[in-house]
Amino acid sequence: MWVRGGIAALAAAAVASGCASPGGREVRPAAGPQPLQAPPARALDSYATALRAAHAARVAAARHWSLARVPLTAPPPPARKPRITARKGFEVQDQEELDLPPVFTTIPTNQRVVFLTIDDGSEKDPAFLRMMSDLKVPYTAFLTNKEIKDDYGYFRTMQREGHTVNNHTLTHPYLPGLSYEEQKHEICGMQAVMKKQFGRAPTVFRPPFGNYDRDTLVAAKSCGIKYAPIWDEEVYVDHWEYREDDQDLHPGDIVLTHFRGRDEWKGTMVDDMRRFLNMVTAKGYAVARLEDYL
């Protein structure tokens, strides 16, 4: 359907900008603003072919990875980014006065999109990288140095494919149990690792376990952090867990899962992603890139 829609839109543009009479004589336009010229027929054909090829590849990938349905394609990123504020009840003292990074679980949007985030970096499954590359499904990784330092290259691969890597501390501690200086070391220290290994210090940070206090956010801001998303749902290989009472997905929800394999879960990361994608697709949601909305 979306293939035909794209072709129809371009065809309509071509008709609207025609500039020849039925007899083939050139028609000189009236003075004033001139109509846009239609793209050549070859350009229309090329665009339609590319759309069909992309859809066919997605269908083939869904079949190869044993998905129940083809994942939906996310809409274009919003031209105007939504205003992100701390979720009610998740603020800390002086949240607004100090302009501290907001902690939030959902992006304010009416679009039927959710955001996939994956934490820590313990499991490094090459099949997971192939699966997500084949399906063109975006995700955000929140990385802990203790878990990734044995194979930074694995995460550089996902970064090259367009996925975002962000800060999840050096050692994954319970931050509210640490002093301000210890928290700052965990966050700023990971910023330095990220810049060295991945070329940039991120502006997005997730506190381990979703636990934080005022010192956490003050320290995070001092390290260059602007946002501190946590999550609204968590997906495992064998079940989902929900924050909200209605036990359901909502537009803009942030979904958490982890880099885990059979050593800790009853399945692989591919199994985990299959469960995630089957659920969100069945409910009519596409997976969008979190940073496109920040």
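Sequence order as written defines residue numbering, which begins from 1 separately in each chain. Restriction of local features to residues with pLDDT of at least 70 applies here, the model being predicted, together with a cutoff of 80 or more for giving and counting side-chain atom pairs; totals for whole chains, interfaces and linings are based on all residues. To obtain the side-chain values, all non-hydrogen atoms of the structure were used and water was disregarded.

Q: Help me out: how do you make sense of the state of the cysteines in this one?
A: The disulfide criterion used throughout: a pair of cysteine sulfur atoms within 2.5 Å. A complete count under the given rule lists one disulfide for this structure. Here Cys188 pairs with Cys223 through a disulfide, and the sulfurs are 1.8 Å apart. Between Cys188 and Cys223, the S-S dihedral sits near -95°, and the bridge is therefore left-handed. Within this pair, whereas Cys188 is found in helix H6 (residues 180–198), its partner Cys223 is found in the loop between helix H7 (214–222) and strand E5 (228–229), the two being separated by 35 residues in sequence. To qualify as a helix, a DSSP run of H or I must reach at least 4 residues; to qualify as a strand, a run of E must reach at least 2; elements of each kind are numbered from the N terminus.

Q: Explain the pairing of strand E2 (residues 113–120) here, please?
A: Counting buried positions along E2 yields eight of eight residues, so the element is predominantly enclosed. Criterion used throughout: strands pair if DSSP finds at least two bridges between them. Sheet topology note: the E2/strand E9 (residues 286–288) ladder contains three bridges and is parallel. Residue pairing for E9: Phe115 is matched across the bridge by Ala288. With helix H3 (residues 126–135) bridging E2 and its parallel neighbour strand E3 (residues 140–143), the resulting β-α-β unit is right-handed. Type-normalised accessible area, obtained with a 1.4 Å probe on protein chains alone, sets the label of each residue: buried when under 20%, exposed when over 50%, and partly exposed for intermediate values. The handedness rule is simple: strands pointing away from the viewer, and a clockwise path from the first strand over the helix to the second, make the crossover right-handed.

Q: Would you mind going over the side chain of Lys124 with me for this structure?
A: Its location among the elements puts Lys124 in the loop between E2 and H3. Two N or O atoms count as a polar contact when they lie within 3.5 Å, although within protein this holds only if one can serve as hydrogen donor and the other as acceptor, and sequence-adjacent residues are included solely when both atoms are side-chain atoms. Within polar-contact distance, the side chain of Lys124 engages the backbone oxygen of Gly121 at 3.0 Å. In terms of polar contacts, Lys124 uses its side chain to reach the side chain of Asp150, at 3.2 Å. We call two residues in contact whenever any of their non-hydrogen atoms come within 4.5 Å of each other. Beyond its immediate stretch of four places on either side in the chain, Lys124 contacts Glu147, Ile148, Asp150, Asp151, Tyr154 and Phe155.

Q: What should I look at first to understand the nonpolar core in this one?
A: As a rule of thumb, nonpolar side chains are buried together in soluble globular proteins. With 41 residues, the main nonpolar core has Phe128, Met131, Leu135, Leu143, Met158, Phe259 and Phe276 as its most contacted residues. Sorting the residues of this core by element identifies helix H2 (41–64), E2, H3, E3, helix H5 (152–160), H6 and helix H8 (269–282) as the ones contributing at least two each. When neighbours within four sequence positions are excluded, Met158 is seen to be in contact with Phe128, Leu129, Tyr139, Ala141, His163, Val165 and Phe259. Residues belong to one nonpolar core when they are buried, are Ala, Val, Leu, Ile, Met, Phe, Trp, Tyr or Cys, and are joined through side-chain atoms within 4.5 Å. With 30 residues, the next largest nonpolar core counts Leu175, Val204, Phe205 and Ile254 among its residues.

Q: Explanation requested: the pattern of salt bridges in the structure shown.
A: Note on pairing: side chains with opposite charge can pair once their charged atoms come close. Definition used for salt bridges: Asp or Glu carboxyl oxygen within 4 Å of a side-chain nitrogen of Lys or Arg. Inspection of the entire model under this criterion finds eleven salt bridges. We note a salt bridge from Arg262 to Asp271, for which the minimum N-O separation is 3.8 Å. The class of Arg262 is exposed, set by a relative accessible area of 59%. Among the ionic pairs, Asp271 bridges to Arg274, the shortest N-O distance being 3.1 Å. Of this pair, Asp271 and Arg274 both sit in helix H8, three residues apart, roughly one helical turn.

Q: How should the packing of aromatic side chains be read in this particular structure?
A: Pairs of aromatic rings are described using the distance from one ring centre to the other and the angle between the two planes. In this scheme Phe, Tyr and Trp rings, the latter by its six-membered ring, pair at centre separations within 6.5 Å, and the angle between planes marks the pair as stacked below 30 degrees, edge-to-face above 60, and tilted otherwise. Applying the stated criterion to the full structure yields ten aromatic pairs. Relative to Tyr293, the ring of Phe115 has its centre 5.0 Å away and its plane inclined at 70°; by these criteria the two rings are edge-to-face. Here Tyr293 lies in the segment after E9 and Phe115 lies in strand E2, a separation of 178 residues in the sequence. Phe115 sits in the buried class, given a relative accessible area of 0%. Classification of Tyr293 by relative accessible area gives buried; the value is 2%. Relative to Phe259, the ring of Phe155 lies with its centre 5.6 Å away and its plane at 85°, an arrangement referred to as edge-to-face. With a gap of 104 residues between them, Phe155 in helix H5 and Phe259 in the loop between strand E8 (254–258) and H8 connect regions that are remote in the sequence. You can call Phe155 buried: its relative accessible area is 0%.

Q: Help me understand H7, please; the structure alone is not making it clear to me.
A: Count 3.6 residues to each turn of an α-helix, and residues three or four apart come out pointing the same way. Among all positions of H7, only Thr216, Leu217, Ala219 and Ala220 are buried. Taken end-on, H7 shows its buried residues confined to a sector of 160°, consistent with a single buried face. Looking at the residues trailing H7, positive phi occurs at Gly224, about 100°. Arc, as used here, means the arc of the directions from the helix axis to the C-beta atoms.

Q: Any chance you could explain the packing of H6 against H7 here in plain terms?
A: Between two packed helices, both the angle of their axes relative to each other and the distance between the axes serve to describe the pair. Where helices are involved, their axes are fitted lines through C-alpha atoms of the stretch in contact, as for all axes, and angles between N-to-C directions lie from 0 to 180°. Where H6 meets H7, the closest approach of the two axes is 9 Å, and the angle between their N-to-C directions is 45°. Relative to H7, the element H6 lies oblique. Our pair here, H6 against H7, has a crossing hand that is right-handed. Facing Tyr180, Gln183, Lys184, Ile187 and Cys188 of H6, the residues of H7 in contact are Asp215, Thr216, Val218, Ala219, Ala220 and Ser222. Any angle between 65 and 115 degrees counts as roughly perpendicular, while under 35 counts as roughly parallel, over 145 as roughly antiparallel, and the rest as oblique. Note on convention: near helix rotated counterclockwise from far helix by under a right angle means a left-handed crossing. Clockwise means right-handed.

Q: Is there a simple way to think about the pairing of E3 in this case?
A: The two faces of the sheet receive side chains in turn, since in a regular strand these alternate between them. Here E3 shows two buried faces, one formed by Thr140 and Phe142 and the other by Ala141 and Leu143. Bridging between E2 and E3 involves four bridges; their strand directions are parallel. Counterpart to Thr117 in the pairing with E3 is Thr140.

Q: Got a minute to help me understand unusual backbone geometry in this structure?
A: Peptide bonds are mostly trans, and most non-glycine residues show a negative phi. Despite not being glycine, Thr169 has its phi angle at roughly 80°, a positive value. Mapped onto the secondary structure, Thr169 falls in the loop between strand E4 (164–167) and H6. A residue is classified by how much of its surface remains accessible, and Thr169, at 0% relative accessible area, is buried.

What is shown is where atoms sit, not what they do.
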